[in-house]
Amino acid sequence: MTRPFVKMNGAGNDFVVVNALETPFTPTAAQVRAIANRDTGQGCDQLIAIEPSDTADAFMRVWNADGGVVETCGNALRCVGWLLMQSTGKDRVTIDTLGGPTTAWRVPGPVGSGGPEGSTTTAQVKVDMGAPRLDWTQIPLEEAMDTRGIELQVGPIDAPLLHTPGAVSMGNPHVVFFTDRQDDAFVRGSGSLIEHHPLFPQGVNVGFANVLAPDRIRLRVWERGAGLTRACGTGACAALVASSRRGLTGRSATVEVDGGTLRIDWDEASGHVFMTGPVEIERTGTLTLQPAPG
């Protein structure tokens, strides 16, 4: 079976996007892993299907590189939003996900940057990510805790390397540690350790945030099911919310990720978080799906 695809990225977080509005696209976990493999497949952080919806312009389904289905992806919402706006002629579209519905629209001017060499910045897209979910049951956590700083640490009890992260759900679970330790080995080692910690029954995305100024954050994220990626949109939103709740930043900040920059605004009136950043097209192609073992 073959399916056309578009390879896209948002601030370096890259996707293989398949149009499933008319023909269903239901890959197995093994097929997802094969597509995402950077050595033998197309290579991506997430595989995305654009499906029909009765309540929105489309439904976005997300598979992580490990083959698991996840709730949502902020950078992918911008990419899918742009594709839908191009195909419909609209300047604003609604997208439903397993993490809830959202709205995307075009914005003028360069707000974000980044992406692999050779990709083309097509547009800047803003997404309403909704209100952050801050109660421990909404993350979810295994036990009741104050999500401004939960009881979790890495390293010796008397001298932990990481401790007391903020916990936020942006439709998917995040913890955010505040640290200037952001090297690959530290992020990979700590992130992989925490991702499946018993405190998080659904697993968790792990952010490492260095607050550079009240309006600027340097962020790296170990994504649940995808590992260390060049950008994580929901992670950037979670980092801003977590740092603002701790008084480390205001309610708006530029978040520097490995693949570029994202603008995050936590609107006080609505309580919603808005993310603005680039959409880039890398290439198009055709997937060849190997049949599942019979």
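That block above? That's the structure.
Residues numbered from 1 in each chain as written. Predicted model: local features only at pLDDT ≥ 70, side-chain atom pairs only at ≥ 80, totals over all residues. Heavy atoms only, no water.

### Observations regarding the packing of aromatic side chains
And then number 1: The full count for this structure, using the stated rule, is 4 aromatic pairs.
And then number 2: Between Phe186 and Phe208, the ring centres sit 6.2 Å apart and the planes meet at 70°, which makes this aromatic pair edge-to-face. A residue pair is termed long-range when its members are at least 10 positions apart, and Phe186 in helix α3 (residues 184-195) and Phe208 in strand β13 (residues 205-213) qualify at 22 residues.
And then number 3: The class of Phe186 is buried, set by a relative accessible area of 7%.
And then number 4: Its relative accessible area of 0% is what places Phe208 among the buried residues.
And then number 5: Here the aromatic residues Phe177, Phe186 and Phe208 are joined through ring pairs into a cluster of three or more.
And then number 6: Its end group placed over the ring of Trp266, Arg251 keeps NZ or CZ at 4.2 Å from the ring centre. (Phe/Tyr/Trp six-rings, centres within 6.5 Å; stacked < 30°, edge-to-face > 60°. Helix = DSSP H or I, 4+ residues; strand = E, 2+ residues; numbered from the N terminus. Buried < 20%, exposed > 50% of the residue type's maximum accessible area, 1.4 Å probe, protein only. Lys NZ or Arg CZ within 6 Å of the ring centre and 35° of its normal.)

### Quick word on the pairing of strand β6 (residues 92-96)
And then number 1: Inspection of the sheet shows strand β4 (residues 58-64) paired to β6 by 2 bridges, in the parallel sense. Paired with Ala58 across the two strands is Ile95, which belongs to β6.
And then number 2: Two elements, β6 and strand β7 (residues 102-107), share 4 bridges in a ladder whose sense is antiparallel. When the sheet's bridge partners are listed, Ile95 is paired in β7 with Thr102.
And then number 3: Count of turn residues in the β6/β7 antiparallel hairpin: 5 residues, of which Gly100 carries a positive phi of about 115°. (Pairing = 2+ DSSP bridges.)

### Thoughts on the layout of surface pockets
And then number 1: Roughly 200 Å³ of internal volume is contained in the largest pocket.
And then number 2: Broken down by secondary-structure element, the contributors of at least two residues to the lining of the largest pocket are β1 (2-10), β2 (13-19), α2 (74-88) and β18 (273-288).
And then number 3: Tallied by class, the residues present in the lining of the largest pocket amount to 9 nonpolar, 4 polar and no charged. (1 Å grid on protein atoms, 1.4 Å probe; cavity = no way out; pocket = protein on both sides within 12 Å on 5 of 7 lines; lining within 4 Å. Points joined across faces, edges and corners; volume = space filled by probe spheres on them. Nonpolar A, V, L, I, M, F, W, Y, C, P; charged D, E, K, R; others polar.)

### Notes on empty space enclosed by the protein
Regions of empty space are outlined by a rolling probe, equal in size to a water molecule, passed over the atoms.
And then number 1: In the structure shown here, the tally under the stated rule is 2 cavities of 30 Å³ or more.
And then number 2: Here the largest cavity defines a volume of roughly 90 Å³.
And then number 3: Taken together, 14 residues form the lining of the largest cavity, with Gln46, Asn64, Thr72, Asn172 and Glu223 sitting closest to its centre.
And then number 4: For the lining of the largest cavity, the per-class residue count stands at 3 nonpolar, 8 polar and 3 charged.
And then number 5: The wall of the second largest cavity is formed by Leu219, Arg220, Val221, Thr229, Arg230, Ala231, Cys232, Val257 and Asp258.
And then number 6: Ranked by residues supplied to the lining of the second largest cavity, first place goes to strand β14 (residues 216-223) with 3 residues.
And then number 7: Taken together, the residues of the lining of the second largest cavity break down into 5 nonpolar, 1 polar and 3 charged.

### Observations regarding the pattern of salt bridges
And then number 1: A complete count under the given rule lists 15 salt bridges for this structure.
And then number 2: Measuring nitrogen to oxygen at the nearest pair gives 2.6 Å for the salt bridge that ties Arg220 to Asp184. Taken together, the positions of Arg220 in strand β14 and Asp184 in helix α3 put the pair 36 residues apart, joining distant regions of the chain.
And then number 3: Residue classification places Arg220 among the buried positions, given a relative accessible area of 10%.
And then number 4: Salt-bridge contacts for Asp265 lead to Arg263; the nearest nitrogen and oxygen are separated by 3.3 Å.
And then number 5: Overlapping salt bridges bring together Lys7, Asp14, Arg38, Asp45 and Glu282 as one network. (Salt bridge = Lys/Arg side-chain N within 4 Å of Asp/Glu carboxyl O.)

### With respect to α2
And then number 1: Here α2 contains 15 residues, and its C-alpha end-to-end distance of 21 Å stays within 8% of the 21 Å for a straight helix at 1.5 Å per residue.
And then number 2: Of all 15 residues making up α2, 12 are buried, and the element is well covered by its neighbours.
And then number 3: Listing the buried residues of α2 in full gives Gly74, Asn75, Ala76, Leu77, Arg78, Cys79, Val80, Gly81, Trp82, Leu83, Leu84 and Met85. (Expected span 1.5 Å × (residues − 1).)

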